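Notes for the structure review
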Amino acid sequence: MSSPAPRTVITFGTFDVFHVGHLKVIERAAALGDRLVVGVSADELNLRKKGREPVFSEGERLAIVAALKPVDEVFVEESLELKRHYIEQYAADVLVMGDDWAGKFDEFGDICEVVYLSRTPAISTTALIEKISGGS
């Protein structure tokens, strides 16, 4: 009897000003399979998406995420439009996204399972950055 093929999970994020909410989503994503691949948003993508550059550079954010025990592989996500390509490139069985994206990636259900995880309440990178910088 052959063992089932390992399940690859893929998720994406900026992972700037790394906090416990980031860690929880990575741990929960990893628990859905045997191998976790994480796409870290390129600096340029983050600028387009959020209107500001990340506090930590692309290279620093890649290094932080790669050092986490549950993470097997990291890569730079250059464009939101390339999600299907990344899922296929890494042969992902499961796509995990935060529930703030609920329904936005259902189209990939034809090539993998799509799971939306709830975010950790009251933790927001943007709010943390504002608090640290003395904003409101």
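Residues numbered from 1 in each chain as written. Predicted model: local features only at pLDDT ≥ 70, side-chain atom pairs only at ≥ 80, totals over all residues. Heavy atoms only, no water.

Some thoughts on the overall build of the protein
Tallying secondary structure elements over the protein gives five helices and five strands in all. Ordered by position from N to C terminus, the α and β elements of the protein give β-α-β-α-α-β-α-β-β-α. If you take every contact in the protein between residues at least 6 apart in sequence, the share linking residues at least 24 apart comes to 62%. As presented, the protein carries roughly 7500 Å² of accessible surface, and 55% of it is formed by carbon and sulfur atoms. (Helix = DSSP H or I, 4+ residues; strand = E, 2+ residues; numbered from the N terminus. Contact = heavy atoms within 4.5 Å. Areas by Shrake-Rupley, 256 points an atom, 1.4 Å probe, with all protein chains shown as cover.)

Examining the sheet that holds strand β2 (residues 35–41)
What the five strands build is an open sheet, ordered β3-β2-β1-β4-β5; its pairing is parallel. The open sheet has two free edges, formed respectively by β3 (73–77) and β5 (113–117), since each of these has just one partner strand. Across the sheet, the mean angle separating the axes of adjacent strands is 25° when strand polarity is ignored. Bridge count for strand β4 (residues 94–98) against β5 is five bridges, and the pairing is parallel. Along β5, the bridge assignment pairs Leu 95 with Val 114. (Pairing = 2+ DSSP bridges. Axes fitted to C-alpha atoms, helices over the stretch in contact; angles between N-to-C directions.)

Comments concerning the side chain of Thr 8
Structurally, Thr 8 is set in strand β1 (residues 8–13). Apart from the residues lying within four places of it in its own chain, the contact partners of Thr 8 are Arg 35, Val 37, Tyr 90, Ala 91, Ala 92, Asp 93 and Val 94.

Observations regarding the nonpolar core
Formed by 16 residues in total, the largest nonpolar core has its most connected members in Ile 26, Leu 36, Val 38, Val 65, Val 71 and Val 96. Broken down by secondary-structure element, the contributors of at least two residues to this core are α1 (20–30), β2, α3 (58–66), β4 and β5. Ignoring sequence-local partners within four residues, the contact set of Leu 36 consists of Val 9, Thr 11, Ile 26, Ala 29, Ala 30, Pro 70, Val 71, Asp 72 and Glu 73. Counting 13 residues, the second-largest nonpolar core is a separate cluster that includes Ile 10, Phe 12, Phe 75 and Tyr 86. (Core = buried A, V, L, I, M, F, W, Y, C linked by side-chain atoms within 4.5 Å. Buried < 20%, exposed > 50% of the residue type's maximum accessible area, 1.4 Å probe, protein only.)

Concerning the environment of Thr 8
Judged by relative accessible area, Thr 8 falls into the buried class, the value being 7%. With 79 residues separating them in the primary sequence, Thr 8 and Ile 87 have C-alpha atoms 9.6 Å apart.

What to know about the environment of Gly 21
In this structure, Gly 21 sits in helix α1. Judged by its relative accessible area of 11%, Gly 21 falls in the buried class. Linking Gly 21 and Arg 119, residues 98 residues apart in sequence, is a C-alpha distance of 7.1 Å.

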